Amino acid sequence: MDYIPNTERDKEIMLKEMGIPSFEALLEDIPKTLRQFSLALPHGISEPEVLKILKELSERNASTDKCISFLGAGAYEHYIPSIVDHLAARSEFYTCYTPYQPEVSQGTLQVIYEFQTLMCELTGMDVSNASMYDGSTALTEAALLSIRLKEKNKIVCSRAIHPEYRQVIRTYLKGLHTEIIEIDSPEGTTDIERLKKVVDDKTAAVLIQNPNFFGCIEDMGAISNITHKHDALFIACVNPISLGILKPPGEYNADIAVGEAQVLGNYLNYGGPYLGFFTVKKELLRKMPGRIAGKTVDSNGKRCFVLTLQAREQHIRREKATSNICTNQGLLALRACIYLCALGRTGMTELANLNIQKSHYAYERLCTLNVFEPAFKKPFFNEFALKAKGNIQVGKVNDYLLKKGIIGGLELSRFYPELGNRMLLCATETKTKESIDRLIAELSKI
Amino acid sequence: MTIKETKIMNQTEPLIFEISSPGRRGFTLPTCDVPEKSITNFIPQNMLRKQEAILPEVSEIDVVRHFTRLSQMNYCVDTNFYPLGSCTMKYNPKVNEESARLEGFTNLHPYQPIEQCQGILKLLYDLEQILKDISGMSAFTLQPAAGAHGELTGMLIIRAYMKKQGETRHKIIIPDSAHGTNPASAALCGYEVESIQSNASGLVDIKKLKDSFTRDTAALMITNPNTLGLFEKDILQICKIAHDAGGLVYCDGANMNALLGMARPGDMGVDILHLNLHKTFSTPHGGGGPGAGPIGVSEKLKQFLPVPRIEPKDNTYVLNHDCPNSIGRVRAFYGHVGMMIRAYTYLLSLGKEGICKVGEFAVLNANYLRHKLEKYYDIPYGKICMHEFVISAKRQKKKGVSALDIAKKLLDYGFYAPTIYFPLIVEEAIMIEPTETESRETLDAFATAMIKIAADIEQQPEVIQKTPKTTPISRPDEVKAAREPNLTGCPRMQVFSNLLIIIRATRLQR
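Sequence order sets the numbering: in each chain, residues are counted from 1 along the sequence as written. Each chain takes a letter, starting from A, and each ligand takes a number, starting from 1, following the order in which they are written. Under the rules for a predicted model, residues below a pLDDT of 70 receive no local features and side-chain atom pairs below 80 are neither given nor counted, while totals for whole chains, interfaces and linings still include all residues.

A. Representation of the overall build of chain A in the model. Only DSSP runs of H or I with at least four residues qualify as helices, and only runs of E with at least two residues qualify as strands; both kinds are numbered from the N terminus onward. Check the secondary structure of chain A and you find 13 helices and 15 strands. Structurally, chain A occupies a C-alpha span of about 85 × 55 × 50 Å along its principal axes. In chain A, which comprises 446 residues, the proportion classed as buried is 61%. Relative to all contacts within chain A whose residues are 6 or more apart in sequence, the contacts with residues 24 or more apart total 72%. Each residue is classified by how many other C-beta atoms fall within 10 Å of its C-beta atom, where C-beta atoms are placed from the backbone; a count of 20 or more means buried, 12 or fewer means exposed, and values in between mean partly exposed. For every residue pair, C-beta atoms are placed from the backbone, and the pair is scored as a contact if these atoms sit within 7 Å.

As structure tokens, then:
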């Protein structure tokens, strides 16, 4: 199947009308030597044949539907209301492009405007953009913004930030003559005493994730104060679901709040596409990367929406733009928007509460077993780290659980060699009491 | 053929906050089945939110109607011809959506044990092999999230390569016809950008390139076919100039649709190429993403690709994080896997012959449309084109009608507008890319509309200036939007006004 409506007959008619003897004449600018190759690709196949192959490939994966999974660590399983899939599947949304022609793109533009509004409500920040690629690139762009704005080149970053996010920051900043200082978190949260010593007047920004990679809740207020004493930006990387209950960045005076919004109605998808969000205080509006929708009126005075403040962007400013981002995550922002509207005011609080109740139930039950003890003793949201007791090995525990159809936690030694024999477990609202009890029952046999 | 104005779109829709009503809800969560305790048992009060977020309070049907009605205020590929130059707005096959929604893909966690992810890893590995075959590059990474992210990844690779060679080259040369993302990506990497002027034919000026490409130049960033829709016929010599000076060639693959089955950037001597799965390989544009911008590299640059790398190992696939010369990670996890599944489905469907037909009919359709319009509009460059072409409305401008006006009038005729005012080197540019998925009849209808507009401009230019008339809104005041930024719907105010309405209503009842 090739989706090409024109036939060989059409081709003949078209070439004739153009007065062109053969199609090859249209390729005269391509050097002949470049035309001599053949593709190894097999022949095309029909829809049922394609779907059979894809189904077989998908079934070779063990999805979280078939097992009980306690994995989190930056990608979370949450229930997605049916309407999210149904509405986002409208092709008026998914087969259009960036709304360059506002007159025939009001649907997309109003969605972006509503998304911006919802993200500002949730984070307590003043302004949001239309989205970034993912949490890691949103955080990195925030660091870049601080370097540009403050004209300083030192970034202080908690080591309790998602390790892959920190790797991305290092990749982007390598070669830009920037110093990145990482602060340890021996007790599960960022070492504030150490932070105080490190943050100085050369610091452009302090980056903290909350809840952090270990699930622990940081003292954001204290860190915000330390940061602002040195004229640096306080950048918070937050989980939007947690903001149903946890203090939002606006309440602790963050300058930029970013994060991963996969949790808002988007699938795990083996890591992507996900949805980065980027919100700031109004003073930073014109330094922001990415698309922004704004309200205005049309020539008849009717309310409408457009992409605005484009003088920051690459298609206008080229090498002087605030970022190179062009295509972002429009459709996933739409999904987040639908999700937040469906959950609504009470739903988001209830959802955050369910996450806290389930994870704490799991944590308390797990700690009564002879297998684990808490790795840290800090308040947490929906994930927590445990340490295996005695000569029990977390790797073996996970292997054992896998045989029982349970995916255990992430082994922390993968990213933190010093945290051997510890695992990070997550329990969102998708974990029923029954599934948690099953985990406990299996572990109690060890 | 006659062409008519159409008025089919939904004309207005309130903000979701404006239909919010206290107590309504659009989704019910399961009740808590574990013994529930007060939150403060777990988390100290000072870490909790003081003021709850004012999200809308709407019923499920409110949400459904709101977003359905909003969708009816968009033009899209499924409703209208979308000749947006440089964006390759081809038809997005539905079977792609079907395969991407298979539960074995959507519900797969990126940190699941590798043996549970063999299906997806095989798919990703196979997709890399197909892209290598089509492009002639030696190795691919699928990780970059979009074209611009691919460009950045490419620039980082160039820097890593130069560093390994012991060189500190600080300049990237970019033709003046390039996409804005090119200079922005180079600058993001700390490179100085040197723009070189295109020659009278709209192509890279060989002499200027030779003079500019010094020992300070790390790479040339080129688009082929270029943004005028012209194939850089001296491409072999261009690559040689860069290579002879010890530099590299980066190719922006935004226009790869023209080359499918026709020619391969790898054979041209390109060192790094990014592809846009959302342009060439039919994954939907989603109203501005998600896209995906895989990059292919030549053999000598393979070692610098970002981690992790998907590798076959004893009949299985693994993710290799241990690549000492790699530029590092460019994003969390492995990239826009959902888009890769769609592109893979598309490539299996098309196969070898289908791929070649894409390039052929993309070029045929563009030339056919170009031929139909050349009597009525100025076409400043070339006699033939590849997959797109750029006309200039400078003749029409003399009558007071701009490229923007023409674009807006097309909306009234039921066509999305072409890209306008780009590339920057064409005055009053209108950039048209029909793609291979449009029929001769659609192209004829579009040409008829364009010709009628040209004729109307001669007769009554003021009519064209006052368009569009059939769309949900007329032309927006963009200056007001930028000068008085209003970027959020201020739900707190809305709640307040809704409360007033309730208070008033209660008073009336009394």
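The discussion continues.
B. Representation of the overall build of chain B within the structure. Along its length, chain B carries 16 helices and 12 strands. Its C-alpha atoms give chain B principal-axis dimensions of roughly 85 × 70 × 45 Å. Expressed as a percentage of its 510 residues, the buried residues of chain B come to 59%. Sequence-distant contacts in chain B: of pairs separated by 6 or more residues, those separated by 24 or more amount to 73%.

C. A look at the sheet that holds strand β15 (residues 422–426) of chain A. Residues and elements named next belong to chain A. Here, strands pair whenever DSSP counts at least two bridges between them. Spatially, β11-β12-β15-β14 is the arrangement adopted by the 4 strands of the open sheet, whose pairing is antiparallel. Both edges of this open sheet fall to β11 (372–374) and β14 (410–411), since each of them pairs with a single strand only. Where β11 lies against strand β12 (residues 383–388), 3 bridges are found, and the strand directions are antiparallel. Bridge pairing in β12 places E373 opposite K387.

D. Representation of the interface of chain B and chain A within the structure. Contact with chain B, which involves 168 residues of that partner, is made by 166 residues of chain A. Looking at the side of chain B that touches chain A element by element, the count peaks at 20 residues for helix α10 (residues 337–373) of chain B. Grouping the amino acids of the side of chain B that touches chain A by side-chain chemistry returns 89 nonpolar, 47 polar and 32 charged. Classification convention: Asp, Glu, Lys, Arg as charged; Ala, Val, Leu, Ile, Met, Phe, Trp, Tyr, Cys, Pro as nonpolar; all other residues, Gly among them, as polar.

E. The arrangement of the sheet that holds strand β2 (residues 127–128) of chain A in detail. Residues and elements named next belong to chain A. Read from one edge of the open sheet, 7 strands run β2-β8-β7-β6-β5-β3-β4, paired in mixed fashion. A strand with exactly one partner marks an edge of an open sheet, and here the two such strands are β2 and β4 (179–183). In terms of strand pairing, β2 meets strand β8 (residues 276–280) through 2 bridges, oriented antiparallel. What sits directly across from V127, in β8, is V280.

F. Region of the structure containing the nonpolar core. For this analysis, nonpolar core means a set of buried Ala, Val, Leu, Ile, Met, Phe, Trp, Tyr and Cys residues linked through C-beta atoms within 7 Å. Counting 316 residues, the largest nonpolar core has L207, I235 and I338 of chain A together with M340 of chain B as its most contacted members. Top element by residues in this core is helix α11 (residues 330–368) of chain A. It accounts for 21 residues. When residues no more than four places from it in sequence are discounted, the contact partners of I235 of chain A are A142, A143, S146, A205, V206, L207, A254, D255, I256 and V258 of chain A.

G. Quick look at the packing of α11 of chain A against helix α1 (residues 60–71) of chain B. Between α11 of chain A and α1 of chain B, the least distance of the axes is 9 Å, while the angle of their chain directions is 155°. If you check the angle between α11 of chain A and α1 of chain B, you find them roughly antiparallel. In this structure, α11 of chain A crosses over α1 of chain B, and the sense of that crossing is right-handed. In this structure, α11 of chain A contributes I338, C341 and A342 of chain A to the contact, and α1 of chain B contributes E60, V63 and F67 of chain B. In this analysis an axis means a line fitted to C-alpha atoms, helices contributing only their contacting stretch, and an angle means the value between N-to-C directions, from 0 to 180 degrees. Note on angle classes: values under 35 degrees are labelled roughly parallel, values over 145 roughly antiparallel, values of 65 to 115 roughly perpendicular, and the remainder oblique. A crossing counts as left-handed when the near helix is turned anticlockwise from the far one by less than a right angle, and as right-handed when that turn is clockwise.

H. Looking closely at the environment of H78 of chain A. By the element assignment, H78 of chain A lies in the loop between β1 (68–69) and α3 (82–88). Other than its neighbours up to four places away in sequence, H78 of chain A contacts I241, V263, T428, E429 and T430 of chain A.

I. Structural detail: the environment of L15 of chain B. For L15 of chain B, the position within the fold is in the segment before α1. For the pair L15 of chain B and C32 of chain B, spaced 17 residues apart in sequence, the C-alpha to C-alpha distance is 32 Å. Other than its neighbours up to four places away in sequence, L15 of chain B contacts E114 of chain A together with G489 of chain B.

J. Broad picture of α10 of chain B. Helix span, expected: 1.5 Å multiplied by one less than the number of residues in the helix. Spanning 37 residues, α10 of chain B covers only 40 Å between terminal C-alpha atoms, well under the ideal 54 Å at 1.5 Å per step. For α10 of chain B, the principal kink sits at G351 of chain B and spans about 100°. Bend angle per residue: angle between axes fitted to the 7 residues ending at that residue and the 7 residues starting there.

K. Spotlight on the pairing of strand β3 (residues 154–158) of chain A. Residues and elements named next belong to chain A. With 5 of 5 residues buried, β3 is to be regarded as a mostly interior element. With helix α7 (residues 163–173) bridging β3 and the parallel β4, this β-α-β connection has right-handed handedness. Sheet topology note: the β3/strand β5 (residues 203–210) ladder contains 4 bridges and is parallel. Along β5, the bridge assignment pairs C157 with L207. Note on handedness: a crossover is taken as right-handed if, strands pointing away from the viewer, the path from the first strand over the helix to the second is clockwise.

L. Local environment of the pairing of strand β4 (residues 217–223) of chain B. Residues and elements named next belong to chain B. In terms of burial, β4 is a largely internal element, 7 of the 7 residues being buried. Bridging between strand β2 (residues 171–175) and β4 involves 3 bridges; their strand directions are parallel. Each bridged residue has a counterpart across the sheet, and for K171 the counterpart in β4 is T217. The pairing of β4 with strand β5 (residues 248–252) spans 5 bridges and is parallel. Looking at β5, one finds that T223 is bridged to D252.

M. The arrangement of helix α4 (residues 118–135) of chain B in detail. All names here are of chain B. Taking 1.5 Å of rise per residue, the 18 residues of α4 would be expected to cover 26 Å, and the 26 Å separating its terminal C-alpha atoms lies within 8% of that figure. Along α4, the positions that sit buried rather than exposed are G119, I120, L121, L123, L124, L127, E128, I130, L131, I134 and S135. Following α4 by one or two positions, G136 has its phi on the positive side, about 75°.

N. Local environment of unusual backbone geometry. A cis geometry characterises the amide bond from N210 of chain A onward to P211 of chain A, with omega recorded as -10°. Mapped onto the secondary structure, P211 of chain A falls in the loop between β5 and α9 (220–229). With an omega dihedral of 0°, the bond running from T467 of chain B to P468 of chain B counts as a cis peptide bond. Positioned with a positive phi, A73 of chain A is a non-glycine residue whose angle comes to about 60°. Mapping A73 of chain A onto the fold places it in the loop between β1 and α3. Positive phi outside glycine occurs at S86 of chain B, with the angle close to 80°. For S86 of chain B, the location among the structural elements is in the loop between α1 and α2 (94–100).

O. The arrangement of the confidence of the model for chain B in detail. pLDDT gives the predictor's per-residue confidence on a scale running from 0 to 100. Mean pLDDT for chain B: 95, with 96% of residues reaching 70 or above. For this predicted complex, the interface confidence comes out at an ipTM of 0.98, alongside a pTM of 0.97.

P. Expanded view of the environment of I226 of chain A. Residue and element names in this part refer to chain A. Residue placement: I226 occurs in helix α9. Residue classification places I226 among the partly exposed positions, given that 18 C-beta atoms sit within 10 Å. Along the chain, I226 and H86 lie 140 residues apart, while their C-alpha atoms are 46 Å from each other. Setting aside its immediate chain neighbours within four residues, I226 contacts L195, K196 and V199.

Q. Spotlight on the packing of α10 of chain B against helix α13 (residues 440–459) of chain B. Residues and elements named next belong to chain B. Two elements in contact, α10 and α13, have axes separated by 10 Å at closest approach and are oriented at 30°. By the angle between their axes, α10 is roughly parallel relative to α13. Viewed along their axes, α10 and α13 form a crossing whose handedness is right-handed. In contact with N365, Y368, L369, K372 and L373 of α10, α13 contributes L443, F446, A447 and M450.

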